[in-house]
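Descriptive structure summary
Letter by letter, the chains look like this.
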Amino acid sequence: MLKSLLEYMGVDEGRVNFSWVSASEGGRFAELVGEVTEKVKQLGPNEGLIDKKAGCCGCQE
Amino acid sequence: MSGIENAVQDAAKKLLAENKVDVVIGFAQGSQPLRSTPAFIRKPEEAEKLTWNCTCENNLANYLRKKEQKIGVVVKGCDSRSILALMKENQINRDNLYIIGVPCSGMIDRKQVADLCEGKEIIAAECTDDALVLKGHDFEKTVNIVDVLHRSCAACTHKNPVIYDEMVAEAVTEQKEDFADIEAFEAKSTAERRAYLSQELSKCIRCYACRNACPMCYCEQCFVDCSTPEWVGKSASDIQDNMLFQAVRVFHGAGRCTDCGACERACPMGIDLRILTRKLVKDAKELFDAEAGVKMEDKPALSTFESDDPQPFLVKE
């Protein structure tokens, strides 16, 4: 529900990621982190929840 | 309406006279037309102060948490759902509570009424069963109550109290849940959603009325009041902080929010808060088939785990 709410509020899809990994699954953890890092790199830097270019409230600054 | 009002007064008078409760919490006429105020009645002869009309909008469940004395309370459908949800969270002792249930056909939104009167001052108002007669210095107007209902009341699915000791009137017909508004918003692009929410939350003045009006918000220390660490910036001028505040506030109600609309009604800036709270009501319903404050035997959606719970949030492999 948290992921769903954040994406609903405007956080880029794919920026919030969850998975189950056991403490004994070191290889799988590394693999997942690698994948997520790749995904987030593709999305680029996080611009936050508001569109700064459009000004504070959607107005053009 | 007056029939219900008399029945509420009689019930309160009886409870107090028989010493069954120490106080009856209901509504009394406020100091302005179209305003009701929560009233605390301690003597049988004061019971006639109690009113019932289309302006009794506060959620009285807010006054019931962790109370020692015996309380009688006048509740609408939404209040009763909040009471049930709080009972499940051990915030209310049912043994100390006498619930006077009132089937509710919705409360009016004063902002919509003011718009209809083009901002002219209303000096007197009278509620009947389905109409509202407004009088000003140079006008008189009759509006249908259904046209000026609060949005939460217009979409209400539990008008009749879900839990009560006594019901003072015949049950009213219920309507079906409709999440069309949330579905429409979900269908918009991320940028459009962001733009709408940042515009709405730019109005926020961080008065925290939404938090205080919410019967489910009862942490002894709220995260927004903490200074060490300071979880969220306190200034209302930063819209991102306003959004973070609302995201956390709304998420604290995930699977617990009964969609009573108290937050939105309390907001002095008229922010569309139900676009956020209802999203979680919809998710809880869709993912876990959970509806807060409807049945005592239902387990809280986010406090239980089943091995077949849906997990759409996991990274796809």
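Values in this document were obtained by computation on a predicted structure and should not be read as measured data.

Analysis parameters
Residues numbered from 1 in each chain as written. Chains lettered and ligands numbered in written order. Predicted model: local features only at pLDDT ≥ 70, side-chain atom pairs only at ≥ 80, totals over all residues. Heavy atoms only, no water. Helix = DSSP H or I, 4+ residues; strand = E, 2+ residues; numbered from the N terminus. Buried < 20%, exposed > 50% of the residue type's maximum accessible area, 1.4 Å probe, protein only. Contact = heavy atoms within 4.5 Å. Lys, Arg positive; Asp, Glu negative; His and termini not counted. Charge placed at Lys NZ, Arg CZ, Asp CG, Glu CD. 1 Å grid on protein atoms, 1.4 Å probe; cavity = no way out; pocket = protein on both sides within 12 Å on 5 of 7 lines; lining within 4 Å. Points joined across faces, edges and corners; volume = space filled by probe spheres on them. Nonpolar A, V, L, I, M, F, W, Y, C, P; charged D, E, K, R; others polar. Domains from an automatic or database assignment. Axes fitted to C-alpha atoms, helices over the stretch in contact; angles between N-to-C directions. Parallel < 35°, antiparallel > 145°, perpendicular 65-115°, else oblique. Disulfide = S-S within 2.5 Å. Salt bridge = Lys/Arg side-chain N within 4 Å of Asp/Glu carboxyl O.

When you go through chain B residue by residue, the secondary structure sums to 10 helices and 9 strands. Projecting the C-alpha coordinates of chain B onto the three principal axes gives extents of approximately 65 × 50 × 40 Å. By residue count, 50% of the 317 residues in chain B fall in the buried class. Here the contacts in chain B between residues at least 6 apart in sequence split such that 65% fall between residues at least 24 apart. Positive and negative side-chain charges in chain B, numbering 41 and 51 respectively, have mean positions lying 3 Å apart.

All names here are of chain B. Across all of its chains, the model carries 4 cavities of 30 Å³ or more by this definition. The computed volume of the largest cavity comes to approximately 240 Å³. For the largest cavity, the lining is made up of 23 residues, of which C78, S152, C156, T157 and D259 are closest to its centre. Elements with a minimum of two residues in the lining of the largest cavity: α2 (77-88), α4 (151-154) and α10 (274-288). Class assignment of the residues belonging to the lining of the largest cavity gives a composition of 7 nonpolar, 7 polar and 9 charged. Residues from two domains meet in the lining of the largest cavity; each of domain 1 (1-106 + 157-176) and domain 2 (177-306) gives at least three. Empty space within the second largest cavity amounts to approximately 80 Å³. Along its surface, the second largest cavity is lined by 14 residues, and C204, C207, C210, C267 and I271 are the ones closest to its centre. Counting only elements with at least two residues in the lining of the second largest cavity, the list comes to α7 (209-213) and α8 (239-252). Considering only residue class, the lining of the second largest cavity consists of 12 nonpolar, 1 polar and 1 charged.

Attention shifts here to the packing of helix α5 (residues 180-187) of chain B against α10 of chain B. A pair of packed helices can be characterised by two numbers: the angle between their axes and the separation between those axes. Residues and elements named next belong to chain B. Where α5 contacts α10, the two axes come as close as 10 Å, and the packing angle between them is 100 degrees. By the angle between their axes, α5 is roughly perpendicular relative to α10. Across the interface between the two elements, D181, I182, E183, F185 and E186 of α5 pack against R274, I275, R278, K279 and K282 of α10. Along the lines of polarity and charge, the residues of the contact of α5 with α10 split into 3 nonpolar, no polar and 7 charged.

Moving on to the state of the cysteines. All names here are of chain B. Tallying each qualifying case throughout the model produces 1 disulfide over all chains. The disulfide bridge from C54 ends at C127, spanning 2.4 Å between sulfur atoms. The sign of the S-S torsion, about -60 degrees, decides the handedness of the disulfide formed by C54 and C127: left-handed. Of this pair, C54 sits in the loop between β3 (50-51) and β4 (71-75) while C127 sits in strand β6 (residues 122-127), and the two are 73 residues apart along the sequence.

In this section: the pattern of salt bridges. Residue and element names in this part refer to chain B. In total, this model carries 23 salt bridges over all chains according to the counting rule given. Across the pair R94 and D165 runs a salt bridge whose closest N-O atoms are separated by 3.0 Å. Of this pair, R94 sits in the loop between α2 and β5 (97-101) while D165 sits in the loop between α4 and β9 (166-167), placing them 71 residues apart in sequence. For R94, a relative accessible area of 23% translates into the label partly exposed. Across the pair R151 and D272 runs a salt bridge, and its minimum N-O distance is 2.7 Å.

Further remarks concern the layout of surface pockets. Using a probe with the size of a water molecule, rolled over the atoms, empty space left in the structure can be pinpointed. Residues and elements named next belong to chain B. The calculated volume of the largest pocket comes to roughly 640 Å³. What lines the largest pocket is a set of 28 residues, and nearest its centre among them are E57, E264, R265, A266 and C267. Among the secondary structure elements, those contributing two or more residues to the lining of the largest pocket are β2 (36-41), α3 (110-116), α7 and α9 (262-266). Composition of the lining of the largest pocket by domain shows at least three residues from each of domain 1 (1-106 + 157-176) and domain 2 (177-306).

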